[in-house]
Amino acid sequence: MNKEEKLADLRHFLARYALPANRPAVPLGLPAADAVLDGGLRPGAVHEVFADDWGAGGFAACLAIQASKGKPLFWVRPDYEALEYGALSATGILELGGDPQNLYLLRAPHADDALSAAADILACPHVGAVVLELCGTPRALDLVASRRLALLCEESGVTLFVLREGAGPIPSAAATRWQVRTLSSDPRDDDWGSPCFHARLTRHRQGGLGDFFLTWDSNHGLFHDAAAHSGLVAAAPADRPVGAPRQKRA
Amino acid sequence: MWLPRLPTDRLARRARNAPEKPKSDAPLVIAGRANNALYVYALNRSAERLGLHRGQPLANARAMIEHLAVVPADEKADRALLENIADWCDRFTPLVTLDPPDGLLLDVTGAAHLFGGEAAMLRHVRETIAAQGFAVQGAIAGTSLAARALARHANGTITNPGEDRAAIAPLPIAALDCGEDRLRALKRAGLKTIAQVAERGRSELAARLSAAFLTRLQVMLGAEEKPLSPRRPLPDLRSEMRFAEPVATRDVIETSLQKLAFALSETLEREGQGLRLLEAAFFRADGKVERIAVKTGAPLRDPAVILRLLNQRLDALADPLDPGFGFDLIRLEASLAEKSHARETSFDTNENARWQVAFLADRLSARFGEHRMQRFVAQDTHIPEAQAVAIPAQERDFDSPWIRKRQDQDPPLRPWRMLERPEEIHFVAAEVPDGPPARFQWRQCRHEVVRAEGPERIALEWWRERPHERLMRGSEQRRREKLGLLPRPVPPSRDYFRIETREGLRFWLYRDGQYRANGLAPRWFLHGLFA
């Protein structure tokens with residue numbers, strides 16, 4: 001193999017990781033995070049969100065609202081999710097800046113149904129984003145299943161957010177993996193109550209990792225820096241959010 | 001069609017399938033109860049030969065025959081069987097009506113020629129039903145009442161148009177089927193046949209026996225009658241395939257479905273219609289009929305799509321389609337159709353995208369059931385859990401306007417997750433009686449409140465008597481009822497608080513009612529989770 005062939009090979013290999021021109025990245029809005037993510041979340045890929053407490057799943061909701069702008073957002077969850085974590089509320093999604101008219105909810109009987117339904121939905125390129133909400137680690141969710149979903153995403157350009165609750169990471173084909181906790185609101189803020197998260201990027205296929213404090217701006221559908229408005233710098237204890245007292249895991 | 005021995009035939013058919021065969025010619029009587037006494041409700045041929053008859057007191061029958069087998073009547077099973085037979089008769093004409101307890105009325109107008117004329121059709125129907133082990137009598141006449149009387153009293157008669165009167169006239173007055181009292185009255189008057197009754201003056205009959213009787217007589221003798229109301233609505237559009245030899249293999253069934261889908265699609269195209277509800281009916285050679293319905297969210301006529309939806313539905317069946325000895329008729333019909341423009345070939349990308357998503361929702365509904373694929377509608381109410389209702393995605397258009405609660409500078413004021421049933425929180429310590437709680441326990445965890453906003457008082461809509469029942473509907477309501485999720489009667493008002501705990505969790509709590517002078521503390525509930 002001569003040098004040029006090798007180069008062509010490498011280019012071809014790298015091309016798989018380059019974003020296609022017609023799929024712009026989804027910027028989070030926080031410069032530090034977008035720098036690490038090389039412009040934003042990669043569309044047509046799988047992103048995993050591990051929620052550490054009751055509110056942290058909202059991070060996936062915010063990301064999905066951002067990624068699905070103007071297009072249908074499919075939310076897939078097995079039945080028991082609703083009993084444990086509550087029903088998805090369209091009014092709440094509206095308050096977060098989402099569009100309830102574009103919200104589709106699929107209540108699957110079991111986790112494996114949810115996985116196969118997600119695969120069906122991902123095959124349709126006119127869908128904006130899919131959230132697959134799973135509690136615990138269902139047996140059907142293995143590396144093969146996740147790779148299959150990732151391939152479907154790549155083909156259709158639909159972004160999949162796998163929201164995992166009460167579970168730890170397992171090997172997967174995800175492009176990014178986020179470990180998320182909710183963060184207390186800024187104590188000086190009178191209009192407190194916007195979603196605030198401490199999101200750790202613990203896995204990233206195409207780049208570095210990071211540790212971010214984000215607050216969601218429902219009006220613009222973007223994240224802002226939560227550390228900035230509270231006047232603190234990011235050099236903070238690694239095990240808990242800045243400005244927040246020690247946390248207990250829920 | 002009259003099945004005079006439906007109950008006993010049902011038992012005999014079942015017995016035939018049982019391992020040890022009882023003697024089929026043993027006299028058998030089905031006992032019914034009327035006026036607190038047992039009487040003979042139905043009987044088999046050998047019991048009839050021994051001189052028993054319908055309506056006889058059971059004690060008399062027992063006295064006459066020593067070893068009489070008696071089985072209590074099961075009207076429900078008989079009715080179900082009659083329904084099944086009616087389903088099966090669907091292959092002759094779509095207009096089938098039950099004539100309980102043991103008759104069927106088929107409107108064969110315009111259908112007889114398909115089976116080689118009325119005589120051949122009647123013979124065919126009777127033979128096939130008889131082959132299933134039923135005693136059957138039948139007749140074809142101009143009106144349903146005439147046919148009914150002829151089937152019972154002159155088995156096999158087929159009247160020519162306008163000759164009903166001649167066929168009916170010689171029948172005994174019992175054929176009028178007008179009830180014991182009137183029958184007795186007629187007998188007392190010395191009338192034995194319908195002809196004799198018909199000779200009497202109209203006013204005389206009306207005065208003695210009521211006007212309803214007169215109408216009945218007129219109809220029976222060939223006057224106009226009101227049309228039958230069929231068991232099932234007439235489908236708009238259909239395509240069907242009959243097989244001389246029943247088909248059972250999956251390949252053949254699939255090919256036939258394909259052909260039918262194309263034929264149906266052509267019909268739809270011609271009529272400018274798109275189907276909203278597709279029904280596939282599989283008529284089994286042994287009489288069972290399987291029906292499968294597929295709903296669509298948008299009018300549809302593309303054969304490939306029809307076929308795909310149908311196959312998906314067939315694959316999702318809990319117990320797969322059982323051909324048994326094979327199907328001898330497969331039918332596809334558009335039970336519900338709508339005017340449809342040629343939108344499937346539209347080049348408008350937006351329209352196309354919308355259609356693709358609608359089709360995706362259809363497929364998922366076909367696979368998981370329509371109540372599982374949901375979308376949301378906004379409702380004009382103050383009750384938080386009823387403001388957005390999830391209903392099947394195929395049910396209607398979802399263009400109702402949504403009104404945001406918060407102003408631009410506000411954080412989200414409604415939780416993005418709401419517990420299906422508000423959960424009571426315990427050990428609530430509120431610093432001031434009407435204020436937010438300072439501490440509470442929910443799901444075994446203690447939480448300390450550091451910030452709170454409220455109360456936002458949401459009062460029951462007093463003008464609705466039972467608010468939740470009106471606001472949720474259809475499948476969602478049934479599902480919630482089954483799970484016991486329909487909320488209890490709501491007290492006059494709820495005071496909602498948006499709170500944040502020391503850990504940074506944001507919840508939506510409410511106090512059920514207010515503090516009263518009697519010192520009873522109201523209960524607190526956790527209703528929603530904020531991000």
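Our subject is the structure listed above.
### Examining helix α11 (residues 211–220) of chain B
Working note: α-helix, 3.6 residues per turn, so residues spaced by three or four point in the same direction. All of the buried residues along α11 of chain B are Phe213, Leu214, Leu217, Val219 and Met220 of chain B. Two residues or fewer after α11 of chain B comes Gly222 of chain B, characterised by a positive phi angle close to 115 degrees.

### Regarding the nonpolar core
Residue and element names in this part refer to chain A. Core analysis: the biggest nonpolar cluster contains 45 residues, and Phe59, Trp178 and Phe223 have the highest contact counts within it. At 8 residues, helix α3 (residues 57–67) tops the list of elements feeding residues into this core. Counting residues in hydrophobic clusters, the runner-up holds 36 residues, among them Val76, Ala118, Cys124 and Leu160.

### Let's talk about helix α6 (residues 111–122) of chain A
Residue and element names in this part refer to chain A. Here α6 is 12 residues long and its end C-alpha atoms lie 16 Å apart, about the 16 Å a rise of 1.5 Å per residue gives. The element α6 is extensively covered by neighbouring structure, given that 9 of its 12 residues are classed as buried. Restricting attention to buried positions, one finds in α6 the residues Ala111, Ala114, Leu115, Ala117, Ala118, Ala119, Asp120, Ile121 and Leu122.

### A closer look at the packing of aromatic side chains
All names here are of chain B. Counted under the stated rule, the structure contains 18 aromatic pairs over all chains. Ring centres of Phe497 and Trp524 lie 5.7 Å apart, and the angle between their planes is 35 degrees; this geometry places the pair in the tilted category. Of this pair, Phe497 sits in strand β15 (residues 493–501) while Trp524 is found in strand β17 (residues 524–529), placing the two residues 27 residues apart along the sequence. Each member of the pair Phe497 and Trp524 is classed as buried. Consider the rings of Tyr510 and Phe525, whose centres lie 5.4 Å apart with planes at 25 degrees: the pair is stacked.

### Thoughts on a nonpolar patch on the surface
The grouping of Leu7, Leu10, Phe13 and Leu14 of chain A at the surface amounts to a nonpolar patch, some 390 Å² of accessible area in total. Here Leu10 of chain A shows up in helix α1 (residues 3–15).

### Digging into the sheet that holds strand β8 (residues 289–300) of chain B
All names here are of chain B. The strand order β6-β9-β7-β8 describes an open sheet built from 4 strands, whose pairing is antiparallel. A strand with exactly one partner marks an edge of an open sheet, and here the two such strands are β6 (237–247) and β8. Strand-to-strand, the axes of this sheet are offset by a mean angle of 10 degrees, without reference to chain direction.

### Here we look at the pairing of β17 of chain B
Consecutive residues of a regular strand have side chains that alternate between opposite faces of the sheet. Residues and elements named next belong to chain B. Most of β17 is tucked away: 6 of the 6 residues are buried. Two strands pair when backbone bridges link them, and strand β12 (residues 417–430) and β17 are joined in this way by 5 bridges, in the antiparallel orientation. What sits directly across from Glu423, in β17, is Leu526. Pairing analysis gives 5 bridges linking strand β16 (residues 506–512) to β17, with the strands arranged antiparallel. Paired with Phe507 across the two strands is Leu529, which belongs to β17.

### Points about the packing of α6 of chain A against helix α7 (residues 143–156) of chain A
Residues and elements named next belong to chain A. Relative orientation of the contacting elements α6 and α7 amounts to 15 degrees, with a least axis distance of 9 Å. Taken together, the axis directions place α6 and α7 in an arrangement best described as roughly parallel. For the pair α6 and α7, the crossing hand works out as left-handed. Between α6, through Leu115, Ala118, Ala119 and Leu122, and α7, the contact on the second element is made entirely by Arg148, Leu149, Leu152, Cys153 and Ser156. Classifying every residue of the contact of α6 with α7 gives 7 nonpolar, 1 polar and 1 charged.

### Observations regarding the pairing of strand β1 (residues 28–34) of chain B
Residue and element names in this part refer to chain B. Most of β1 is tucked away: 5 of the 7 residues are buried. Where β1 and strand β3 (residues 69–72) come together, 4 bridges link them in parallel fashion. Within β3, the residue paired with Ala31 across the bridge is Pro72. Between the end of β1 and the start of strand β2 (residues 37–43), which pair antiparallel, lie 2 residues, with Asn35 showing a positive phi angle near 50 degrees.

### A look at the pattern of salt bridges
This model, assessed by the stated rule, comprises 38 salt bridges over all chains. Linked through salt bridges whose partners overlap, the residues forming this network are Arg238, Glu240, Arg242, Arg331 and Glu333 of chain B.

Conventions used here
- Residues numbered from 1 in each chain as written.
- Chains lettered and ligands numbered in written order.
- Predicted model: local features only at pLDDT ≥ 70, side-chain atom pairs only at ≥ 80, totals over all residues.
- Heavy atoms only, no water.
- Buried < 20%, exposed > 50% of the residue type's maximum accessible area, 1.4 Å probe, protein only.
- Helix = DSSP H or I, 4+ residues; strand = E, 2+ residues; numbered from the N terminus.
- Core = buried A, V, L, I, M, F, W, Y, C linked by side-chain atoms within 4.5 Å.
- Expected span 1.5 Å × (residues − 1).
- Phe/Tyr/Trp six-rings, centres within 6.5 Å; stacked < 30°, edge-to-face > 60°.
- Patch = residues over 30% accessible without salt bridge, like charges linked within 9 Å, V, L, I, M, F, W, Y side chains within 5 Å.
- Areas by Shrake-Rupley, 256 points an atom, 1.4 Å probe, with all protein chains shown as cover.
- Salt bridge = Lys/Arg side-chain N within 4 Å of Asp/Glu carboxyl O.
- Pairing = 2+ DSSP bridges.
- Axes fitted to C-alpha atoms, helices over the stretch in contact; angles between N-to-C directions.
- Parallel < 35°, antiparallel > 145°, perpendicular 65-115°, else oblique.
- Left-handed = near helix turned anticlockwise from the far one by under 90°.
- Contact = heavy atoms within 4.5 Å.
- Nonpolar A, V, L, I, M, F, W, Y, C, P; charged D, E, K, R; others polar.

All quantities given are derived from atomic positions and should not be read as evidence of function.
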